[in-house]
Amino acid sequence: MTTKSYDIPKSLVFQAYKLVKAKAGAAGVDRQSLGDFEKDRRNNLYKLWNRMSSGCYFPPPVKAVPIPKKQGGTRILGVPTVTDRIAQTVVKLVFEPKVEPIFMEDSYGYRPSKSALDAVGVTRKRCWQHDWVLEFDIVGLFDNIPHNLLLKAVRKHTSCQWVILYIERWLKAPMQQADGKLVERICGTPQGGIVSPVLSNLFLHYVFDTWMERNHPGKPWCRYADDGLVHCKTRHEAEMLLQALSKRFAECGLELHPKKTKIVYCKDDSRKGKYSEIKFDFLGFTFRPRVVMRRDTQRVFVSFTPAVSRSSQKSMRAKTRKMRWRNRTELSLNEIAKSYNPVLQGWLNYYGRYRRSELHSVWRHFNKTLVAWAMKKYKGFGRSKTKAAIFLHGIARKNPNLFAHWRAGMTGQFV
């Protein structure tokens, strides 16, 4: 019987495979899809276990895929192969439980039982309690994390040699561009990698989270991956913190984004100061002064509150256009609803948490898309948008549960 260098249970590899299968995902540089992998699943999983247990598993290059940003431009997403995603999940299953307990309450990104909406909710309350907020964004976090500092943190929290070995190999695995060119990586951890979120959280835990607790214990903060906020009592306090934070990140190989980092005044009815910066975007929401009404007293006043941002609305409308529903005349209205309702419901659940009425433009755009679909499918409407709109409005009255936003009482306009 051959003794393996590392004791990695076969059951752990199979558990990792099931997690990867549940999330699906695109093929990597080897062009092997999840379906292709499953055709010889037993043998493929055995080979992976054998190589990892022997210490001879070397990650293939990561496929570089440009992803559009909401604000314009692109970010590079690294897509590992199916086999590599399983291997990374094996390591994550062992490593994440070791570091998750040390992470702080106000670190929300990529963590079990925490969500972006949790971060938005706590930020909403703190903006009512503090006049000023420092909004910061890190330039290319996943591209610029120094490997030596990250590995130092990894070794601090695990003595498992095969976990350390494979994390180091993943950090060094090259990126393969669309033309096939391999780009060496001397820093960073690819955005899109399975272990990258927990590694970036570990790095920022020491760079920012514990630094804040140690040096600025009286300033509440909230961080979601590379987006963060710190609440301050005065503008001077926020300005001093910005200087200190810029220096701290520079010492750790990172840089604050000059345009996305700013100091904002949380203006409302009780705050009479006049300042130019009175709004900020965070996790798809825009925080700014808004007219609201107390339900118990019906009193109208100005509060500093969140609602879906314009860039998020633009992104949702773009997704609807990309689906080209207006041209899918081979589908029935029920089939469109079945296919797109999970997306609509997801938007409603997330962006509808605060000031749901701000989603009106998104619902109206989708409804107008249905009007265009009806005009192409039913020639009797000719070029009359009004007739098609009346037809769909009638369906919405008879079957208000057909689409997710109709079900929520947000039928909206059709023209």
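Computed from a predicted model, the values in this text were never measured in an experiment.

## Some points on the packing of helix α13 (residues 360–377) against helix α14 (residues 385–398)
Helices that pack against each other are described as a pair by the angle of their axes relative to one another and the distance between those axes.
Then comes step 1: Taken N-terminus to C-terminus, the directions of α13 and α14 make an angle of 110°; their axes are 9 Å apart at the nearest point. Here α13 lies roughly perpendicular to α14, going by the angle between them. Where α13 crosses over α14, the handedness of that crossing is right-handed. Along the contact surface, α13 presents Asn367, Leu370, Val371, Ala374 and Met375, while α14 presents Lys385, Ala388, Ala389, Phe391 and Leu392.
Then comes step 2: Its residues assigned to classes, the contact of α13 with α14 shows eight nonpolar, one polar and one charged.

## A few points about the confidence of the model for the protein chain
Then comes step 1: Mean pLDDT over the protein chain: 93, with 98% of residues reaching 70 or higher.
Then comes step 2: Mean pLDDT across the elements of the protein chain ranges from a minimum in strand β2 (residues 74–79), with 84, to a maximum in strand β8 (residues 262–265), with 98.

## Brief notes about the packing of helix α11 (residues 310–323) against helix α12 (residues 333–351)
Then comes step 1: The interhelical angle for the contact between α11 and α12, taken along N-to-C directions, is 175°, at an axis separation of 12 Å. One finds that α11 runs roughly antiparallel with respect to α12. Listed contacts from α12 to Ser312, Met316, Lys319, Thr320 and Met323 of α11 are Tyr340, Val343, Trp347 and Tyr351.
Then comes step 2: Split into classes, the residues belonging to the contact of α11 with α12 amount to six nonpolar, two polar and one charged.

## A word on the packing of aromatic side chains
Then comes step 1: Counted according to the given criterion, the structure contains 28 aromatic pairs.
Then comes step 2: When the centroid spacing of 6.0 Å and the interplanar angle of 85° are considered together, the rings of tryptophan 373 and tyrosine 378 count as edge-to-face.
Then comes step 3: A residue is classified by how much of its surface remains accessible, and tryptophan 373, at 1% relative accessible area, is buried.
Then comes step 4: Residue tyrosine 378 is classed as partly exposed on the basis of its relative accessible area, which comes to 35%.

## Side note on a nonpolar patch on the surface
Then comes step 1: Taken together, Val291, Met293 and Val300 make up a surface patch of nonpolar side chains, about 290 Å² in accessible area.
Then comes step 2: Relative to the helices and strands, valine 291 resides in strand β10 (residues 285–293).
Then comes step 3: Taking the relative accessible area as the measure of exposure, valine 291 reaches 54% and is therefore exposed.

## What to know about the pairing of β10
Then comes step 1: Bridge analysis of strand β9 (residues 280–282) against β10 gives three bridges, and the strand direction is antiparallel. Residue pairing in the sheet places aspartate 281 in a bridge with threonine 286 of β10.
Then comes step 2: With nine bridges joining them, β10 and strand β11 (residues 300–308) adopt antiparallel strand pairing. Directly across from valine 291, in β11, lies its bridge partner valine 302.

## Structural notes on the sheet that holds β10
Then comes step 1: Read from one edge of the open sheet, three strands run β9-β10-β11, paired in antiparallel fashion. Lying at the two open borders of the sheet, with one neighbouring strand each, are β9 and β11. Averaged over neighbouring strand pairs, the angle between their axes works out to 50° when direction is ignored.
Then comes step 2: Sheet contacts for α11: β9, β10 and β11; angle to β11, the most-contacted strand, approximately 45°.

## Examining the sheet that holds β2
Then comes step 1: Pairing is mixed across the open sheet formed by four strands, whose spatial order is β2-β1-β4-β5. Two strands lie at the open edges of the sheet, namely β2 and β5 (182–183), each paired on one side alone.
Then comes step 2: Examined bridge by bridge, strand β1 (residues 62–68) and β2 share six bridges and lie antiparallel to one another. Within the sheet, the bridge partner assigned to proline 66 lies in β2 and is isoleucine 76.

## Structural notes on the pattern of salt bridges
Pairing between side chains becomes possible if they bear opposite charge and their charged atoms approach one another.
Then comes step 1: Within the structure shown, the criterion is met by 14 salt bridges.
Then comes step 2: The closest approach of N and O atoms between glutamate 100 and arginine 111, which form a salt bridge, is 2.6 Å. Separated by 11 residues along the polypeptide, glutamate 100 in the loop between α4 (82–99) and α5 (116–129) and arginine 111 in the loop between α4 and α5 bring together distant segments of the chain. Summarising the burial analysis for this pair, glutamate 100 and arginine 111 share the class buried.
Then comes step 3: Note that lysine 172 is salt-bridged to glutamate 168, the shortest N-O span being 3.4 Å. Taken together, the residues lysine 172 and glutamate 168, both in helix α8 (residues 161–172) and four residues apart, mark about one turn of the helix.
Then comes step 4: Overall, glutamate 168 belongs to the partly exposed group, its relative accessible area being 25%.
Then comes step 5: Taken together, the salt bridges that share partners define one network made up of Asp131, Asp268 and Arg271.

## A look at helix α3 (residues 41–54)
Then comes step 1: Its 14 residues give α3 an end-to-end C-alpha distance of 20 Å, which sits within 8% of 20 Å, the value for a rise of 1.5 Å per residue.
Then comes step 2: Where α3 is concerned, the buried positions are Asn44, Leu45, Leu48, Trp49, Met52 and Ser53. Seen from one end, α3 has its buried residues packed into an arc of 155°, which puts them on one side.
Then comes step 3: Contacts made by the buried residues of α3 are with α1 (10–23), α2 (34–39), α4 and α8.
Then comes step 4: At the C-terminal side of α3, glycine 55 shows a positive phi close to 80°.

## Things to note about the nonpolar core
Then comes step 1: In this structure, Met52, Ile86, Trp162 and Phe249 are the most contacted members of the largest nonpolar core, which totals 61 residues.
Then comes step 2: In terms of residue count, helix α9 (residues 196–215) provides more of this core than any other element does, nine residues in total.
Then comes step 3: Core analysis: the second largest hydrophobic core is formed by 54 residues, Leu117, Val133, Leu283 and Leu392 among them.

Conventions adopted
- Residues numbered from 1 in each chain as written.
- Predicted model: local features only at pLDDT ≥ 70, side-chain atom pairs only at ≥ 80, totals over all residues.
- Heavy atoms only, no water.
- Axes fitted to C-alpha atoms, helices over the stretch in contact; angles between N-to-C directions.
- Helix = DSSP H or I, 4+ residues; strand = E, 2+ residues; numbered from the N terminus.
- Parallel < 35°, antiparallel > 145°, perpendicular 65-115°, else oblique.
- Left-handed = near helix turned anticlockwise from the far one by under 90°.
- Contact = heavy atoms within 4.5 Å.
- Nonpolar A, V, L, I, M, F, W, Y, C, P; charged D, E, K, R; others polar.
- pLDDT = per-residue confidence, 0-100.
- Phe/Tyr/Trp six-rings, centres within 6.5 Å; stacked < 30°, edge-to-face > 60°.
- Buried < 20%, exposed > 50% of the residue type's maximum accessible area, 1.4 Å probe, protein only.
- Patch = residues over 30% accessible without salt bridge, like charges linked within 9 Å, V, L, I, M, F, W, Y side chains within 5 Å.
- Areas by Shrake-Rupley, 256 points an atom, 1.4 Å probe, with all protein chains shown as cover.
- Salt bridge = Lys/Arg side-chain N within 4 Å of Asp/Glu carboxyl O.
- Pairing = 2+ DSSP bridges.
- Expected span 1.5 Å × (residues − 1).
- Arc of directions from axis to C-beta.
- Core = buried A, V, L, I, M, F, W, Y, C linked by side-chain atoms within 4.5 Å.

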